[in-house]
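Given next are the chains, with one letter for each unit.
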Amino acid sequence: MIRLDGVAKTYRTRKGDFVQALAETSLTVGENEFVTLVGPSGCGKSTLLKLVAGLVPVTRGEIRVRDHVVHEPFPDVGFVFQQPVLLPWRSVLDNVLFSVEMLGLEPRQHRKQAGDLLELTGLAGFETKYPHELSGGMQQRVAICRALLPDPGLLLMDEPFGALDAMTREEMSLELLRIWEERRKTILFVTHSIPEAILLADRVLVMSPRPGRIARVIAVDLPRPRTMEMEFDTRFKAHSDEVRSLIFSGRKERG
């Protein structure tokens, strides 16, 4: 589904300096695979997602999604940000339909699919509500529905639960797993939470400090469907210890 070949990204600051956000990185992600990225702040996790989405150009290397070279944003991708970024003057239903409007599609033809997604995420009955009438978790559910409505093959999620409280975050993680089991998308998910990264993923990509690179790929040896109780599994703890060791050893080396 995704292939990165020697991809690197360097930004130029306002002062004219160059900052390398991502070192040369090669990676493949399979169809319908759930992959999480975890690492220290500033290691290039979000940059990698934006590169895959075509939101920013690569400095070196090449990115392919379904064998098409990525040069700019493309329709077969949904992007969920840390903040829901809902339009406050639009209802829940109209916010969900906004994604197909942006693709030049007729919203009326997608109302049923939008309603089905809202029901899938526990938002049936809230179609006419406005963002300020919803909790943070409910707003993020709307954002996920909006990203899923055009039925993209690839879903990119940049710390989508980072602003939520701990209990809502756990609830949303399980909700996302349930949606993924039913809809089977390829998901690339950025998080700062090590337990969240392990709970969700088929594979965890551990990134080094800036300039970011993939320090290790960890295949998660846990059965599906996943539950929060799996955090007490010895395999879960072993994965967690490995990820934590890699992140903190990278910080010491940098220091």
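Residues numbered from 1 in each chain as written. Predicted model: local features only at pLDDT ≥ 70, side-chain atom pairs only at ≥ 80, totals over all residues. Heavy atoms only, no water.

## Some words on the packing of aromatic side chains
Point 1. Enumeration according to the criterion identifies 4 aromatic pairs in this entry.
Point 2. When the ring of F34 is compared with that of F189, the centres are 6.2 Å apart and the planes differ by 45°; the resulting orientation is tilted. Of this pair, F34 sits in strand β3 (residues 34-38) while F189 sits in strand β8 (residues 186-190); the two residues are 155 residues apart in sequence, bridging distant segments of the chain.
Point 3. Classification of F34 as buried rests on a relative accessible area of 0%.
Point 4. Judged by centre distance (5.8 Å) and plane angle (55°), the rings of F161 and F189 are tilted. With F161 in the loop between β7 (154-158) and α5 (166-183) and F189 in strand β8, the pair connects residues that are 28 residues apart, well separated along the chain.
Point 5. A relative accessible area of 0% places F189 in the buried class.
Point 6. Taken together, F34, F161, W180 and F189 form an aromatic cluster joined through their ring pairs.
Point 7. Taking NZ or CZ as reference, K9 lies 5.1 Å from the ring centre of Y11, over its face.
Point 8. In this arrangement the basic side chain of R184 is found over the ring face of W180, its NZ or CZ atom lying 4.1 Å from the centre. (Phe/Tyr/Trp six-rings, centres within 6.5 Å; stacked < 30°, edge-to-face > 60°. Helix = DSSP H or I, 4+ residues; strand = E, 2+ residues; numbered from the N terminus. Buried < 20%, exposed > 50% of the residue type's maximum accessible area, 1.4 Å probe, protein only. Lys NZ or Arg CZ within 6 Å of the ring centre and 35° of its normal.)

## Some thoughts on unusual backbone geometry
Peptide bonds are, in most cases, trans, and in most cases residues other than glycine have a negative phi.
Point 1. The residue after R210, namely P211, is reached through a cis peptide bond having omega 0°.
Point 2. Mapped onto the fold, P211 is located in the loop between β9 (203-207) and β10 (214-219).
Point 3. Phi at N32 is positive, roughly 65°, even though this residue is not glycine.
Point 4. Tracing the chain through its elements places N32 in the loop between β2 (18-29) and β3.
Point 5. Judged by relative accessible area, N32 falls into the partly exposed class, the value being 30%.

By themselves, these observations are geometric and do not establish any function.
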